[in-house]
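Results of the structural survey
Spelled out from the first residue to the last, the chains are:
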Amino acid sequence: MYRPRRSVEDRPDVLLAAIREIGFATIVTPTPAGIEATHVPTIARQAADGGMILAAHVARANAHWRVPAGSASLAIFQGPHTYMSPQWYPTKRETGKVVPTWLYIAIHAHGSLTAIEDRAWLRRQVEHLTDRHEATRTTPWSVSDAPQKYIDSMMRGIIGLEFRVERLEGAWKLNEEENAADLDGTRLGLETAGHAGELLARALAER
């Protein structure tokens, strides 16, 4: 990943928190037949050896799970992002020497991918993912709310993916290379950029 010096984010706790908050990855695996890319919700778990596992599942019809066990892969987490107009920079009024840019948060997890067909593993994965995203609802839906035979039939149509993370790298491109006045303008601009702007402004305040 290209990362300008001021955009580098390598703190493990910050990267893990962002991975869990984003919760959705593009997993990319090169194969002799071409590049496989799949978009999946993920759960970050600690492995028995203390490392990190990204757990996901895909449709059995998705050929991605058929890559050889341990295939080198990349999981991309795209966080909030937004366009930033030069109109917010004092330098625009002073010299005009400014251009638009795009602010964003992104994380690359490098590691290896293995398919999981164990039914108990799949059941735990589906329940964990469901419980996480239903937790804030007034009346949360649970996997056990559906008939067992129906759940069994649906689970026969999915395969688990276990992504063992070997290296993480993050890019927090938040205009930190700008002068103090233009950085203040960036903060003001983010206030007008909706939800993505709010998230990026929070990230900038925490840098």
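As shown above, the structure is provided for reference.
These notes cover the structure that comes with them. Being a predicted model, the structure only gives us computed values, none of them experimental. (Residues numbered from 1 in each chain as written. Predicted model: local features only at pLDDT ≥ 70, side-chain atom pairs only at ≥ 80, totals over all residues. Heavy atoms only, no water.)

1. Side note on the packing of aromatic side chains
What the rule picks out here adds up to 1 aromatic pair. Directly above the ring of W121 sits R45, whose terminal nitrogen or CZ lies 5.7 Å from the centroid. (Phe/Tyr/Trp six-rings, centres within 6.5 Å; stacked < 30°, edge-to-face > 60°. Lys NZ or Arg CZ within 6 Å of the ring centre and 35° of its normal.)

2. Things to note about helix 3 (residues 119-134)
Residues spaced three or four apart along an α-helix point in a common direction, a consequence of the helix completing one turn every 3.6 residues. With 16 residues, helix 3 should cover 22 Å at 1.5 Å per step; its first-to-last C-alpha distance of 22 Å lies within 8% of that length. Those residues of helix 3 lying buried are W121, L122, R123, Q125, V126, L129, T130 and E134. Taken together, the buried residues of helix 3 touch strand 3 (34-41), strand 4 (43-46), strand 5 (52-59), strand 7 (101-116), helix 4 (148-155) and strand 8 (158-173). N-capping of helix 3 is provided by D118, with a side-chain oxygen placed 3.3 Å from the backbone N of A120. (Helix = DSSP H or I, 4+ residues; strand = E, 2+ residues; numbered from the N terminus. Expected span 1.5 Å × (residues − 1). Buried < 20%, exposed > 50% of the residue type's maximum accessible area, 1.4 Å probe, protein only. Contact = heavy atoms within 4.5 Å. Polar contact = N/O pair within 3.5 Å; in protein donor to acceptor, adjacent residues only side chain to side chain.)

3. So, the packing of helix 5 (residues 180-191) against helix 6 (residues 194-206)
For the pair helix 5 and helix 6, the least separation of the axes is 8 Å and the interaxial angle reads 145°. Here helix 5 contributes L183, R187 and L190 to the contact with helix 6, which in turn contributes G194, G197, E198, L200, A201 and L204. Per-class residue counts for the contact of helix 5 with helix 6 are 5 nonpolar, 2 polar and 2 charged. (Axes fitted to C-alpha atoms, helices over the stretch in contact; angles between N-to-C directions. Nonpolar A, V, L, I, M, F, W, Y, C, P; charged D, E, K, R; others polar.)

4. A word on unusual backbone geometry
One non-glycine residue, N175, lies in the positive phi region at around 70°. Within the secondary structure, N175 sits in the loop between strand 8 and helix 5.

5. Structural notes on the pairing of strand 4
Taken together, the 4 bridges between strand 4 and strand 5 define a ladder with antiparallel strand orientation. Note on strand 5: the bridge partner recorded for I43 is A55. Counted along the chain from strand 4 to the antiparallel partner strand 5, the turn is 5 residues long, and its residue G50 has a positive phi close to 95°. (Pairing = 2+ DSSP bridges.)

6. What to know about the nonpolar core
Core analysis: the biggest nonpolar cluster contains 34 residues, and L54, A75, F163 and W172 have the highest contact counts within it. Counting residues in each nonpolar core, the second largest holds 10 residues, with A55, W121, L122 and I158 among its members. (Core = buried A, V, L, I, M, F, W, Y, C linked by side-chain atoms within 4.5 Å.)

7. A few points about the pairing of strand 2 (residues 24-31)
Here strand 2 runs beside strand 3; their pairing, made up of 8 bridges, is antiparallel. Paired with A25 across the bridge in strand 3 is V40. Taken together, strand 2 and the strand that follows it, strand 3, pair antiparallel across an intervening segment of 2 residues. Pairing analysis gives 3 bridges linking strand 2 to strand 6 (residues 71-84), with the strands arranged antiparallel. Pairing of T26 across the sheet is with I76, part of strand 6.

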